[in-house]
Amino acid sequence: MKRLFDLLVAVPAFILLLPVMFCVAVMVRIRLGGPVLFHQVRPGLNGRPFTMVKFRTMRDAVDRGGNPLPDSERLTSFGRFLRSTSLDELPELVNVVQGNMSLVGPRPLLMEYLPRYSARQARRHEVRPGITGWAQVNGRNAISWQDKFEYDVWYVDNRSLLLDMKILWMTVAQVFRREDVSQPGHATMEVFMGDDDQPEREGDPS
């Protein structure tokens, strides 16, 4: 039922939102240049890698050594707008149709995080990752990694079609409020280094 629900919502939504995505693509091209889309390999169901696609929100700015500058220096005001309104996530509807993602589920994070999870935290990969999820409507990026993972595991244990519909409704309300887009003191969110380590830099978990 969950997969059928995803298709029944994602396919019409993709068609209806094509004009919006076209306008966003044009603006990204004008404001940030090419490429318009950001592709990155993320862990999906059972940790299997897939390529997630979304609109770019950051400049390709590097230091003298060729290393990317911190998120705070690459994320423009336009990029912040795309993130706060979740417009950057719209291309992920393609991932949902392909079956790599679900509308609702734990957000797909970075491949490098996989060996850093505890056994309990790794349970977030027992379901397909989602465009939105229980952690997103309960604090998004403003909560700690530990709280985020607890919300993810709670969702895994309590998932249902009714809960998915509730989360989607709460997501719409949250987008209009444009809250909890980043962690306090960070442009996006600190990198997860494991429960026993302290983060060393910023990263783009979403």
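The sections below set out a description of the structure shown in this document.

Cut-offs applied
Residues numbered from 1 in each chain as written. Predicted model: local features only at pLDDT ≥ 70, side-chain atom pairs only at ≥ 80, totals over all residues. Heavy atoms only, no water. Patch = residues over 30% accessible without salt bridge, like charges linked within 9 Å, V, L, I, M, F, W, Y side chains within 5 Å. Areas by Shrake-Rupley, 256 points an atom, 1.4 Å probe, with all protein chains shown as cover. Salt bridge = Lys/Arg side-chain N within 4 Å of Asp/Glu carboxyl O. Helix = DSSP H or I, 4+ residues; strand = E, 2+ residues; numbered from the N terminus. Buried < 20%, exposed > 50% of the residue type's maximum accessible area, 1.4 Å probe, protein only. Phe/Tyr/Trp six-rings, centres within 6.5 Å; stacked < 30°, edge-to-face > 60°. Pairing = 2+ DSSP bridges. Core = buried A, V, L, I, M, F, W, Y, C linked by side-chain atoms within 4.5 Å. Expected span 1.5 Å × (residues − 1). Arc of directions from axis to C-beta. Contact = heavy atoms within 4.5 Å.

Turning next to a nonpolar patch on the surface. On the surface, Met1, Leu4, Leu8, Val9, Leu161, Leu162 and Met165 cluster together into a nonpolar patch covering about 710 Å² of accessible area. Elements represented by at least two residues in the nonpolar patch include exactly helix H1 (2-16) and helix H7 (161-177). Assessed through its relative accessible area of 70%, Met1 is described here as exposed.

Looking now at the packing of aromatic side chains. Scanning the model with the defined rule gives 8 aromatic pairs in all. Centre to centre, the rings of Tyr117 and Phe149 are 5.3 Å apart; their planes meet at 85 degrees, and the pair counts as edge-to-face. Taken together, the residues span a long stretch of sequence, with Tyr117 in the loop between strand S3 (102-104) and strand S4 (130-132) and Phe149 in helix H6 (residues 145-158) at a distance of 32 residues. The residues Tyr117 and Phe149 share a single accessibility class, namely buried. Linked through ring pairs, Tyr113, Tyr117, Trp145, Phe149 and Phe192 together constitute an aromatic cluster.

Each regular strand carries side chains that alternate between the two faces of the sheet. Most of strand S2 (residues 49-55) is tucked away: 5 of the 7 residues are buried. Alignment of strand S1 (residues 37-43) against S2, held across 7 bridges, turns out to be antiparallel. Note that in S2 the partner of His39 across the bridge is Val53. Hairpin geometry of S1 and S2 is characterised by an intervening segment of 5 residues between the two adjacent antiparallel strands and by a positive phi of about 60 degrees at Asn46.

Judged by nonpolar contacts, the single largest core of 18 residues is most densely connected at Leu103, Tyr155 and Ile167. Broken down by secondary-structure element, the contributors of at least two residues to this core are H1, S2, helix H5 (92-98), S3, H6 and H7. The element that contributes the greatest number of residues to this core is H1, accounting for 3 residues. In terms of nonpolar packing, the next biggest core, distinct from the first, is built from 10 residues, Val24, Ala25, Val36 and Phe55 among them.

Cis geometry is found at the peptide bond from Gly34 to Pro35, where omega equals -5 degrees. Looking at where Pro35 falls in the secondary structure, it is placed in the loop between helix H2 (18-32) and S1. Unusually for a residue other than glycine, Asn46 sits at a positive phi of about 60 degrees. Even without being glycine, Ser86 reaches a positive phi, approximately 65 degrees. Note on placement: Ser86 falls in the loop between helix H4 (77-85) and H5.

This part takes up H2. Over its 15 residues, H2 runs 20 Å from end to end, which matches the ideal 21 Å to within 8%, given 1.5 Å per residue. Of the positions making up H2, those classed as buried are Met21, Val24, Ala25, Val28 and Leu32. All buried residues of H2 lie within an arc of 105 degrees about the axis, which places them on one face of the element. In H2, the exposed positions that point more than 90 degrees away from the buried face belong to Pro19, Phe22, Arg29 and Ile30. For H2, the elements touching its buried residues are H1, S2 and H4. With its phi angle positive at about 80 degrees, Gly33 sits one or two positions after the end of H2.

Another aspect to go through is the pattern of salt bridges. Considering all chains together, one arrives at 10 salt bridges under this definition. In this structure, Lys54 and Asp88 form a salt bridge, with 3.2 Å as the shortest nitrogen-oxygen distance. One end of the pair, Lys54, is in strand S2; the other, Asp88, is in the loop between H4 and H5, with 34 residues separating them in the sequence. For Asp88, a relative accessible area of 1% corresponds to the buried category. Glu150 is the salt-bridge partner of Arg120, the closest N and O atoms lying 3.0 Å from each other.

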